[in-house]
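Structural characterization, general
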Amino acid sequence: MNLLETPIEYLKGVGPQRGDLLRKELGIHKYADLLNLFPNRYIDRTRYYKINELQNSNSEVQIVGKIINIKTVEQGKGRSRLVATFVDDTGQMELVWFQGQKWIRESIKINIPYVIFGKVTQFGATYNMAHPEMELLEEHKASLRSAMQPVYPSTEKLGNKGISNKVINKMMQQLFVETQALFSETLPNYLLDELKLIPKNAALFNIHFPKSQDLLAKAQFRLKFEELFFIQLQLITKNLIRKHKIKGLPFERVGENFTDFYNNHLPFDLTNAQKRVLKEIRNDLGSNAQMNRLLQGDVGSGKTIVALMCMLLAKDNGFQSCLMAPTEILANQHFNGITELAKELNISIKILTGSTKTADRKIIHEALENGSLDILIGTHALLEDKVQFHNLGLAIIDEQHRFGVEQRSKLWKKNDIPPHVLVMTATPIPRTLAMSLYGDLDISVIDELPPGRKPIQTVHRYDSNRLKVWKFLKDEIAKGRQVYIVYPLIQESEKMDYKDLMDGYESISRDFPLPQYSISIVHGKMKPADKDEEMRRFSEGKTNIMVATTVIEVGVNVPNASVMVIESAERFGLSQLHQLRGRVGRGAEQSYCILMTSHKLSNDSKIRMETMVRTNDGFEISEVDLKLRGPGDIMGKQQSGVLNLQIADLVKDKDILQLARHHAIKLLKDDAPMEKPEHAKLREAFIELSKKKTIWNYIS
Ligand code: ADP
Ligand code: MG
């Protein structure tokens, strides 16, 4: 039997009680789990401090000295603390214990040299260390010691129950003794050679007992690579299996609608990026496999027409398609845009949202079921059970991050044979995340804006400069342009936000008075019909200014609007700011984004403003966002399971991830079943890992 499978309580020094704690607090069930408990950080214990060098610095120090006396000090209410006087040749300090006093009192040796380690605090003239780690100097010298001392993840409960970092350290030593530190290699030799990775044994040893900074770095690199490499193997294998197993609906023909549209009705030349993406999609649709593709393209990059052309392909092959958007406004806009684009073609398009009337619904349901409806556009309403397609061939989802996993799989189940799925997102997902979360998806990127667009100029202004900003808006309006002014809306403070919006609206109405100026307002508390009416007035150019909460965040398209003012910009996240900014710059005019904030800004807010001012590149912005917020926050809890990494960090280890993905693809191209003799170990480890860790299943 593999020794590493031994239950943790059998490790000498653990036992049932500690075993229980380790299981509950750290999820350590067996030897292997302990072995894979990697330190959070390391402390340099090469340096010994003298007592007269101590400072109130809150850092951990190590001191050699002796205890010259020890006493119990009553604190009242039956409580006491144990206080020892600790001296070296430069001075004296106090050591203090609140817990385990009896045991400490009995085990401590007076006048024998100790090495103590911990944080010091200053009380008046004396320094004091609570619950120090202690070791007799003699043992300290003899023990297996390295320059870098690991600090393991822990919990309050573990600490309270006496499982200190030192105890975990001891367990780890014991583990290495019992297993004789013989851990089998998991990566093929040629990979170790090519990437100059240290062997598994050496890596595990040095991650727990680093002999030097250099070896520690090598150990970390090797283990991070391994972790990410196996995840990539899993994701890519899954993709291969899906392509192999799940037969796609055959879209073999490029038929009359697509060709007619392409040759006669394109309102503009497609950008090269649009052409490339269409080709990628057509390849998928024409192959025997089911398409599961993520289409990333910054706001305004022209995803809509790509979506339409895919739906035309579906129609040409005798299939229906649907396009699902997260909001009613956006669904409407898609419907209007696509109807307009396709007006010369003989295809039937309908829209279904929460506010579709019952009578219309009936007609839509019928047309869907008898196959006379080609394209259905809508919101979540498409997911209702009543919505049954005759033969759904393609499902397109816009702005995917707003839909949950379950919702997506619901769409999937609307057919016996799953439809092709195209997920469009305007919020670029950092490449690292895309690679780790969507590694089993194919990804297309529209990385080019339609020609003639001038990059949006972004500035950051403080509230105190408002007069100048207003003057600028008036100049723009005088040139015939339109302006958005957006207020934050955050659920928790909805009332306050609403007040801010209304106050803002009032003062804007004063500063931009009728009849010279006219203002639209849109917010969440309005009836949908009123909202639409206001939006319509603005998009028809009847009003100069649109005051709004973030309901306009997605999808609104008013090419003549050239200025976006974002109030309290510090309260918006980066991706939201970028989305909002994307509402302007849609016409040929120079467009502007003005970020208004107060003077008081947190560091993160400053970085957000600077980033927005510096770049229009959604990918760059998403990378900064990832750094500021971390992967869990960006992708939402349900999707962050994959990100429970043992040692690698998606933000810091981007390059290693890239490397791991590259080599995983290469390996699977060469030997997908991992059958070659040199992959035997790898395969074994891979199967073992797949049993334990199922990567979140995209298509479920
Ligand atoms: P998004 O990717 O944000 O959904 P849209 O599809 O709404 O972008 O396109 C934004 C605007 O750009 C629309 O007005 C659309 O008509 C226009 N557009 C799209 N592709 C091109 C192109 N190749 N050349 C010129 N204009 C384009
Ligand atoms: Mg769009």
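These figures come from a predicted structure and were not determined experimentally.

Criteria and thresholds
Residues numbered from 1 in each chain as written. Chains lettered and ligands numbered in written order. Predicted model: local features only at pLDDT ≥ 70, side-chain atom pairs only at ≥ 80, totals over all residues. Heavy atoms only, no water. Pairing = 2+ DSSP bridges. Helix = DSSP H or I, 4+ residues; strand = E, 2+ residues; numbered from the N terminus. Axes fitted to C-alpha atoms, helices over the stretch in contact; angles between N-to-C directions. Contact = heavy atoms within 4.5 Å. pLDDT = per-residue confidence, 0-100. Near = heavy atom within 4 Å. Polar contact = N/O pair within 3.5 Å; in protein donor to acceptor, adjacent residues only side chain to side chain. Areas by Shrake-Rupley, 256 points an atom, 1.4 Å probe, with all protein chains shown as cover. Expected span 1.5 Å × (residues − 1). Buried < 20%, exposed > 50% of the residue type's maximum accessible area, 1.4 Å probe, protein only. Arc of directions from axis to C-beta. Phe/Tyr/Trp six-rings, centres within 6.5 Å; stacked < 30°, edge-to-face > 60°. Lys NZ or Arg CZ within 6 Å of the ring centre and 35° of its normal. Right-handed = clockwise from strand over helix to strand, strands pointing away. Domains from an automatic or database assignment.

Read across the open sheet, the six strands follow the order E16-E21-E20-E17-E19-E18; overall the sheet is parallel. Edge positions in the open sheet fall to strand E16 (457–462) and strand E18 (519–522), since each of these has one partner strand only. Averaged over all pairs of adjacent strands, the angle between strand axes in this sheet comes to 20°, irrespective of strand direction. When strand E20 (residues 561–566) meets strand E21 (residues 592–597), the two strands line up parallel, connected through four bridges. Bridging from a neighbouring strand, Met564 pairs with Cys593 of E21. Sheet strands touched by helix H21 (residues 603–614): E16 and E21. Its angle to E16, the strand with the most contacts, is close to 150°.

Another point: the confidence of the model for the chain. Residues of the chain with pLDDT of at least 70 account for 91%, and the chain-wide mean is 87. Between residues 637–641, whose pLDDT stays under 50, and residues either more than four places distant or in other chains, the model counts nine contacts. Of the regions scoring below 50 in pLDDT, residues 695–700 engages in 27 contacts with residues more than four places distant in sequence or in other chains.

Contacts to ligand 1 come from 16 residues, most closely from Asp269, Gly300, Lys303, Thr304 and Arg453. Take Asp269: an N or O atom from its main chain is 2.8 Å from a nitrogen atom of ligand 1. Between an oxygen atom of ligand 1 and a main-chain N or O atom of Gly302, the distance comes to 3.1 Å. For ligand 1, the protein covers 78% of the area, taking 560 Å² as the surface of the free molecule.

The end-to-end C-alpha distance of H21, which contains twelve residues, comes to 16 Å, matching closely the 16 Å that a straight helix rising 1.5 Å per residue would cover. Listed as buried for H21 are Ser605, Arg608, Met609, Thr611 and Met612. Viewed end-on, H21 has its buried residues packed into an arc of 160°, placing them on one side of the element. Exposed residues pointing more than 90 degrees away from the buried face of H21 are listed as Asn603, Glu610 and Arg614. At its buried positions, H21 is contacted by E16, helix H20 (574–581), E21 and helix H22 (618–629).

Turning next to the packing of aromatic side chains. Two numbers describe a pair of aromatic rings. These are the distance of the centres and the angle of the planes. Applying the stated rule across the entire model yields twelve aromatic pairs. When the centroid spacing of 5.2 Å and the interplanar angle of 20° are considered together, the rings of Phe251 and Phe319 count as stacked. In this pair, Phe251 sits in the loop between helix H9 (213–245) and helix H10 (256–265) while Phe319 sits in the loop between helix H12 (303–316) and strand E10 (320–324), placing the two residues 68 residues apart along the sequence. Under the relative-accessibility criterion, Phe251 is labelled buried at 4%. Cluster of aromatic residues (ring-pair linked, three or more members): Phe176, Phe183, Phe205 and Phe209. Of note, Arg47 hangs over the ring of Tyr49, and the distance from its end group to the ring centre comes to 4.1 Å.

Across the sheet, seven strands lie side by side as E11-E12-E10-E13-E14-E9-E15; this open sheet has parallel pairing. In this open sheet, the two edge strands, each paired with only one partner strand, are strand E11 (349–352) and strand E15 (442–446). Strand-to-strand twist in this sheet, taken as the mean axis angle between neighbours without regard to direction, amounts to 20°. As paired strands, strand E13 (residues 392–398) and strand E14 (residues 420–425) are joined by five bridges and run parallel to one another. Following the sheet pairing, Leu394 is matched in E14 by His420. Sheet strands touched by helix H11 (residues 272–286): strand E9 (292–297), E14 and E15. Its angle to E15, the strand with the most contacts, is close to 160°. The strands touched by helix H13 (residues 328–341) within the sheet are E10, E11, strand E12 (375–378) and E13, with E11 carrying the most contacts at an inclination of about 175°.

The next point concerns the pairing of E18. Here E18 shows two buried faces, one formed by Ile519 and Ile521 and the other by Ser520 and Val522. By the bridge criterion, four bridges tie E18 to strand E19 (residues 545–548) in an arrangement that is parallel. Each bridged residue has a counterpart across the sheet, and for Ile521 the counterpart in E19 is Val547. You can see the chain leave E18, run along helix H19 (residues 528–539) and come back into E19, and the turn it takes is right-handed.

This brings us to the domain arrangement of the chain. When cut into domains, the chain gives domain 1 (47–146), domain 2 (256–285 + 302–425) and domain 3 (457–615). Centre-to-centre, using C-alpha coordinates, domain 2 lies 31 Å away from domain 3.

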